[in-house]
Amino acid sequence: MTLNFNVREHLNPRRLTIAMWDYSWLNAHYPSGSFQDFDQVTDELLERGFNTVRIEAFPWVIGQLKSFEERTTVVGDPLSTWGHSDKDREHAVAEELAEFMTLTKQKGIYVILSTWGRTHPEYSRRDPEQFVAVWEKTLAFLAERDLLSHVLYIDLDQEFPFFSAYRPKLDLLGGKVTTSSGLVDAMEDAGQQAATNGLSWNQAQLDFVSNLMNDATKYLQKLYPDQRFTFSLTGYWDECRSLGLRCFDVLELHFWMSDRFSHRSGWGELSKDRGEQPFIEFEKSVHRTLSAIRPMLLAEMHQKLRKAAAWSDEICVPLTTTEGWGPWWHMEHPDLSWGWMREWCAECSALAAQYGMWGSTPWNFSHPYWENWRDVDWYREVNHTFMNN
């Protein structure tokens, strides 16, 4: 007799409907900012059927503070797709994190802690040798305030290795020098790698990643045996799967449309910020692309989900995604429509439930600063469908 065992049926909560608020929760937390009122935006989160939020915990800042009351600078970047700030603004990062964590705990909202490797000018250095130490200090800060009980898991390095302090070392072992110079470059690289297949790390790189992930997670798991730890991934699935890692407590993978969509639609050539650009031809190309190959794109998504589900079964952990399902970048603009994206992402989110995922997100655009945030009914419907399948 064969028994089907789905680990998510034995977890509390049994399903996660996740909004990815990255570093936006801090960067836009100022008067007139879209996250100015934590109480309001978390109420809106619940209203839309979310029970979980994933955020940047800023370990590279908090882990280096001289005092937890210290203020550091979020550099203004009004054209940034995510986490835009109108101008340079000072933030008490640790205190604001504690405020956010206290409020989510009071409201029964679960939290996933992560890092995009964000730094502030006062603490701009990211020494890989301090990677575990800055996380340890950040988690201790929260633990001392009893603000870890509603943390579902800790993603130690967002979309490893693209935003990681370890990327230069990993690239060097592969015989190349890191060329990415910023956040958008890292996002572009991650999006391109997500479409590749086969092993692209040599043995030295594989050994390096295996040791890093095993050592970091095991150290922190011993300190916090009641917490779950992982490294989220958007590319290098085959490489990490080949390592047979059993140190992950959760498998968080990000699912994107493949290069089939990117090449045909011209998406890959777009400048990905909030600046003024003509999108009319791109919009036409998107619809022409989908009219020709949407079934093929959907078949690829099924393939990715089957692969992810099999991997999670192999290492006996629940499967989640906090970012996906279309292209990782889109913009609200008079020339662009969101209808096709809504339809596509809703269908993929429903598939996530069918493939037994513990947690899913409608897409990576679930922030109060997007116009789509006002479409409460759409969010409710997508989250309800995932929760009940």
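For the structure, see preceding data.
The structure presented is a predicted model; accordingly, all values stated were derived computationally and were not measured.

### A word on the overall build of the chain
Okay, so step 1: The secondary structure content of the chain amounts to 13 helices and ten strands.
Okay, so step 2: The C-alpha atoms of the chain give 20 Å as radius of gyration, which agrees with the globular expectation for 389 residues (21 Å, within 12%).
Okay, so step 3: Across the 389 residues in the chain, those meeting the buried criterion constitute 58%.
Okay, so step 4: Considering only contacts in the chain between residues 6 or more positions apart, those separated by 24 or more positions represent 80%.
Okay, so step 5: Of the roughly 16,000 Å² of accessible surface on the chain, 48% is carried by carbon and sulfur atoms.
Okay, so step 6: Taken together, the 37 basic and 55 acidic charged side chains of the chain have centroids lying 4 Å from each other.

### A look at empty space enclosed by the protein
Okay, so step 1: Counted by the stated rule, this structure contains two cavities of 30 Å³ or more.
Okay, so step 2: Reported here for the second largest cavity is a volume of approximately 30 Å³.
Okay, so step 3: What lines the second largest cavity is simply W256, M257, S258, L297, E300, M301, K304 and W344.
Okay, so step 4: If you tally residues by element for the lining of the second largest cavity, the top one is helix α11 (residues 280-315), at four residues.
Okay, so step 5: The residue makeup of the lining of the second largest cavity, split by class, is five nonpolar, one polar and two charged.

### Details of the nonpolar core
Okay, so step 1: Among the nonpolar cores identified, the biggest contains 115 residues, and W21, I55, L113, F160 and W325 are the most heavily contacted of them.
Okay, so step 2: Leave out the neighbours within four places in its chain, and W21 touches F35, V41, T42, L45, V53, R54, I55, F100, S366, H367, P368 and W373.
Okay, so step 3: Counting eight residues, the second largest nonpolar core, distinct from the first, contains L16, I18, Y153 and V250.

### A short note on the pairing of strand β1 (residues 16-22)
As a general feature of sheets, a regular strand has side chains that alternate between the two faces.
Okay, so step 1: The buried count for β1 comes to seven of seven residues, which makes it a mostly enclosed element.
Okay, so step 2: Residues L16, I18, M20 and D22 line one face of β1 and the alternating positions T17, A19 and W21 line the opposite face, and both faces are buried.
Okay, so step 3: Here β1 pairs with strand β10 (residues 359-360) via two bridges, running parallel. Bridge pairing links L16 to G359 in β10.

### Considering the packing of helix α12 (residues 339-354) against helix α13 (residues 376-387)
Okay, so step 1: Relative to each other, α12 and α13 sit at 20 degrees, their axes nearing to 8 Å. Taken together, the axes of α12 and α13 lie roughly parallel to each other. For the pair α12 and α13, the crossing hand works out as right-handed. Residues R342, A346, S349, A350, A352 and A353 of α12 lie in contact with α13, whose contacting residues are W378, V382, T385 and F386.

### Structural notes on the pairing of strand β5 (residues 110-114)
Okay, so step 1: Buried residues dominate β5, accounting for four of its five residues.
Okay, so step 2: Both strand β2 (residues 52-56) and β5 contribute to a ladder of five bridges, which runs parallel. Considered in β5, the bridge of V53 is made with V111.
Okay, so step 3: The pairing of β5 with strand β6 (residues 151-155) spans three bridges and is parallel. Counterpart to L113 in the pairing with β6 is I154.

### With respect to unusual backbone geometry
Okay, so step 1: The omega angle of the peptide bond from N12 to P13 is 0 degrees, so this bond is cis rather than trans.
Okay, so step 2: In this fold, P13 is placed in the segment before β1.
Okay, so step 3: Look at the link from F160 to P161: it is a cis peptide, with omega at 5 degrees.
Okay, so step 4: Inspection of the secondary structure puts P161 in the loop between β6 and α6 (167-173).
Okay, so step 5: Residues other than glycine seldom take positive phi values, yet D22 does so here, at roughly 35 degrees.
Okay, so step 6: Note on placement: D22 falls in strand β1.
Okay, so step 7: Its identity as a non-glycine residue notwithstanding, F58 has a phi of 55 degrees, on the positive side.
Okay, so step 8: Considering the arrangement of structural elements, one finds F58 in the loop between β2 and α3 (59-62).
Okay, so step 9: In this structure F58 comes out as buried when scored by relative accessible area, which is 1%.

### Description of the pattern of salt bridges
Okay, so step 1: In the structure shown here, the tally under the stated rule is 23 salt bridges.
Okay, so step 2: A salt bridge links R125 to D127; the nearest nitrogen and oxygen atoms lie 3.8 Å apart.
Okay, so step 3: A relative accessible area of 18% means that D127 is categorised as buried.
Okay, so step 4: With its nearest N and O atoms 2.3 Å apart, the salt bridge here joins R241 to E314. Here E314 lies in helix α11 and R241 lies in helix α9 (residues 237-242), a separation of 73 residues in the sequence.
Okay, so step 5: For R241, a relative accessible area of 24% puts it in the partly exposed group.
Okay, so step 6: Salt bridges sharing common partners tie together R8, E9, R14 and R15.

Definitions and cut-offs
Residues numbered from 1 in each chain as written. Predicted model: local features only at pLDDT ≥ 70, side-chain atom pairs only at ≥ 80, totals over all residues. Heavy atoms only, no water. Helix = DSSP H or I, 4+ residues; strand = E, 2+ residues; numbered from the N terminus. Rg over C-alpha atoms; globule rule 2.2 N^0.38 Å. Buried < 20%, exposed > 50% of the residue type's maximum accessible area, 1.4 Å probe, protein only. Contact = heavy atoms within 4.5 Å. Areas by Shrake-Rupley, 256 points an atom, 1.4 Å probe, with all protein chains shown as cover. Lys, Arg positive; Asp, Glu negative; His and termini not counted. Charge placed at Lys NZ, Arg CZ, Asp CG, Glu CD. 1 Å grid on protein atoms, 1.4 Å probe; cavity = no way out; pocket = protein on both sides within 12 Å on 5 of 7 lines; lining within 4 Å. Points joined across faces, edges and corners; volume = space filled by probe spheres on them. Nonpolar A, V, L, I, M, F, W, Y, C, P; charged D, E, K, R; others polar. Core = buried A, V, L, I, M, F, W, Y, C linked by side-chain atoms within 4.5 Å. Pairing = 2+ DSSP bridges. Axes fitted to C-alpha atoms, helices over the stretch in contact; angles between N-to-C directions. Parallel < 35°, antiparallel > 145°, perpendicular 65-115°, else oblique. Left-handed = near helix turned anticlockwise from the far one by under 90°. Salt bridge = Lys/Arg side-chain N within 4 Å of Asp/Glu carboxyl O.

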